Amino acid sequence: MPDTILAPPPPPPAPEATLLDSNELVINMGPQHPSTHGVLRVILKLDGETVLGAECVIGYLHRGVEKIAENRTYQQFAPYVDRMDYVAAVSNGLGYCMAVEKLLDVEIPERAQAVRVILAEINRIASHLLWLGTHALDIGAITPVFLCFREREEALKIFEKYCGARLTTHAFRIGGLQYETHDTFEKDCLAFCDLMDEKLKEYHALLTGNRIWVNRTKGIGILNAADCKDYGVTGPVLRAAGEKWDIRKAQPYSGYEKYDFDIPTAENGDTFDRYMVRMEEVTQSCRIVRQAVEGLPAGPIKGKIGKVIKPPPGEAYVSIEAPKGELGYYVVSDGSLNPYRLRVRPPSFVNLGALDKMCRGSLVADVVAIIGTIDIVLGEVDR
Amino acid sequence: MEELLSSPYLPPLVATLLIIALFPLVAGYMVLAERKVLADLQVRLGPMRVGPYGALQPLADALKLMLKEDIIPSGADKWVFWMAPVLSTFTALSAFAVLPLSDKFYVADVNIGILFILAMSSIGALGLILGGWSSNSKYSLMGSLRAAAQMVSYEVPLGFATVTGIMCAGTLSMQGIIQAQYERGVWGAFDNYLLMLIPTVLFIIAGTAETNRAPFDLPEAESEIVAGFHTEYSGFRFALYFLAEYAAIFVISGICVTLFFGGWLRPFPNVGFLETPLNVGLPVVLFAAIALACIKGATRQIITGFKLGMFGLAGAALLLAALFAVPVINPLIVGLFWFLAKVAVLVYMFIWYRGTFPRFRYDQLMDVGWKWLIPMSLGGLIVNSIAQMLARS
């Protein structure tokens, strides 16, 4: 692709003054709007239907999660992280547990690591399914959302069988796992992978070849690799721009180095590419789950860790590849029972920063498509 | 009394009253059908609570809409706001005046019937535009701007497709168009060596856009501009817009059926030996099957009232089946049966698209309209006129 296409569209010329002189229209989209995925508020400046600029107003779901951490013990805080990206609660839990484990410098048994990988990957699929359904709904296809929820239900059933919770799972504990897997765990996971491989074909049949879908997504919301780096955008958005960056490969954690999988990338960095990258990621996640289930080692599920978690003074930063991008946890310990300071690097929040860049010059209908394609969860944006 | 009964104005008056009284109910059940079909496409059940299998849902919805507070936003242009849904509903319903529901049951057969319908549906667009404009809301305004652009653009291919159909029939009268298809022994859609399929398909596409149905539902694109032109409407006025939308769907399907699918004619109208199996056998079997399905459904109901209701429906269906079996009554109602059956198929198609396609974007919609549909409809007109000249000279 030549640079000319990847370059951001030039800002539209300033509208000429007319008798009415009211060419620019400022509209307020959200926080109560059908497709701002929760409580995002976007102030749009329009010329007709062309977007001149977009400004995000966030904070409607702010709960002060990072401050709460300072008043809870390390174990007590673990369920709170599930409430940030509640669509991918397992990944949040994984990131937090790993950060504290790094502070404690404790070895995690292999079985625990493998189960963590399995659950995190199933959660990635569930998160992508929710994204696909709502994204298609934003673009006007009302059926995929129900199909996606049908499959997501199977993923949630696996979580429910494993730990009793469906959404905010709190599946992991610092040092390993709380529960041993149930008897049909392996079978359920493999059945889910087979189901997904089959159902992906159905989604592709509904959307990928559809002319309207392609027209609505190709060339929309382009963000090239350089811009992604400028804005700190990670995850599928970055990979769709052609950058082969996945923390599971770049800095393997929790035993990801043992599994054979590809990092799907695309070239143009538009909405269609992000769609294709995420669809392919589901296939790759299935591959990882299959390998992990087949090679699931026996052994303990919890590392050597005391009942009271009191890390030595120090700090730790751990970042993992969450479904939406790089999810980082920075924990500072002063040697007491509570974290001295905890900071989260949420992928949704950082990725949302590029909204204005992606929206400029497009139409109102594209804005909802772009919000959908960034794949944000407001619980994580606002924390 | 004698004088009244023999008055030439009596049948149209009765038909008019029947249409005005019954159409809101029909529209309500079209909504229910839409919800049920969509639910079927989307692995859901749809309404199941009000009445057996949700059969009374439309009544509950209508009651709710009538009882809701009628909010007029401050800063709205009150009179225009008040009038706009009325205008939409009035034009949509008045188009029924020339719709040939059957050979016996219609309000009027005027010699410019189809022009009247097109005129009325054009004025109907005004209701959307005014409603959005008078709401004093930016989302409504955007919705009505989209409605204006879309309806103006798509009226052109719709008009050309209609002209092709009229050309094929050689008359503007709705009954005359059906009569012409009877005389030629072929439905409009398959005339001129199947070349008439071009305007048929274009008519269905442009008709979908004209009635603001998905994938052309930009004026009320929920995920983009909240609810478009009727964002600020509530209660009964909202219900009127709903009614107008479904009336428009019915009318567009009705015109399509009349122009291209033989109106109230049965399939193969000139094949004599099909008379009994199609005109008597099919409706009887169909309604008997519906009755059986209702009885089967009744056995699954737990609530006694619902059970009785399902048996009642089964009884009604059986009664209809019996009516079609009576030789005296059959010719009176079989035309209506075929017309409504064909309209139902088209309405099902409208719902089917809605469950399948994503929405077009504003500029793409215009592209499709101006760059594809209009040239194609013009081409269809030319090709068909040549074919017709060759075939009929």
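### A word on the domain arrangement of chain A
All names here are of chain A.
- The domain architecture assigned to chain A consists of domain 1 (3–57) and domain 2 (65–382).
- Across the contact, 21 residues belong to domain 1 and 23 residues belong to domain 2.
- Note on domain 1 versus domain 2: buried area summed over both sides is about 1800 Å², and carbon and sulfur give 69% of it.
- Remark: the boundary between domain 1 and domain 2 carries zero salt bridges.
- Residue assignment for the side of domain 1 that touches domain 2 shows that the elements contributing at least two residues are α1 (3–6), β2 (41–47) and β3 (50–57).
- Residues of the side of domain 1 that touches domain 2, tallied by class, amount to 14 nonpolar, six polar and one charged.

### Regarding the packing of aromatic side chains
- Inspection of the entire model under this criterion finds 30 aromatic pairs over all chains.
- On the basis of an interplanar angle of 85° and a centroid distance of 5.0 Å, the ring pair of Tyr-233 of chain B and Tyr-241 of chain B is categorised as edge-to-face. Accessibility classification places Tyr-233 of chain B together with Tyr-241 of chain B in one group, the buried group.
- When the centroid spacing of 6.2 Å and the interplanar angle of 80° are considered together, the rings of Phe-350 of chain B and Tyr-353 of chain B count as edge-to-face. Placement of both Phe-350 of chain B and Tyr-353 of chain B in helix α13 (residues 330–356) is noted, with a separation of three residues, approximately one turn of the helix. Note on accessibility: Phe-350 of chain B and Tyr-353 of chain B belong to one class, buried.
- In this structure an aromatic cluster arises from ring pairing among Phe-77, Tyr-80, Tyr-96 and Tyr-329 of chain A.
- The aromatic ring of Phe-349 of chain A is capped on one face by Arg-383 of chain A, whose charged end is 5.5 Å from the ring centroid.
- The side chain of Arg-44 of chain B reaches across the aromatic face of Phe-146 of chain A, ending 4.6 Å from its centre.

### With respect to the pairing of strand β7 (residues 325–333) of chain A
Residue and element names in this part refer to chain A.
- With eight of nine residues buried, β7 is to be regarded as a mostly interior element.
- In this sheet, β7 lies alongside strand β6 (residues 314–322) in antiparallel orientation, the contact comprising nine bridges. When the bridges of β7 are listed, Gly-314 appears paired with Ser-333.
- Between β6 and the antiparallel strand that follows it, β7, lie two residues.
- As defined by bridge partners, β7 adjoins strand β8 (residues 339–345) across six bridges and the pair is classed as antiparallel. Following the sheet pairing, Val-332 is matched in β8 by Arg-341.
- From the end of β7 to the start of β8, which pair antiparallel, there are five residues, and Gly-335 there has a positive phi angle of about 90°.

Calculation rules
Residues numbered from 1 in each chain as written. Chains lettered and ligands numbered in written order. Predicted model: local features only at pLDDT ≥ 70, side-chain atom pairs only at ≥ 80, totals over all residues. Heavy atoms only, no water. Domains from an automatic or database assignment. Contact = heavy atoms within 4.5 Å. Buried area = accessible area lost by both parts, 1.4 Å probe. Salt bridge = Lys/Arg side-chain N within 4 Å of Asp/Glu carboxyl O. Helix = DSSP H or I, 4+ residues; strand = E, 2+ residues; numbered from the N terminus. Nonpolar A, V, L, I, M, F, W, Y, C, P; charged D, E, K, R; others polar. Phe/Tyr/Trp six-rings, centres within 6.5 Å; stacked < 30°, edge-to-face > 60°. Buried < 20%, exposed > 50% of the residue type's maximum accessible area, 1.4 Å probe, protein only. Lys NZ or Arg CZ within 6 Å of the ring centre and 35° of its normal. Pairing = 2+ DSSP bridges.

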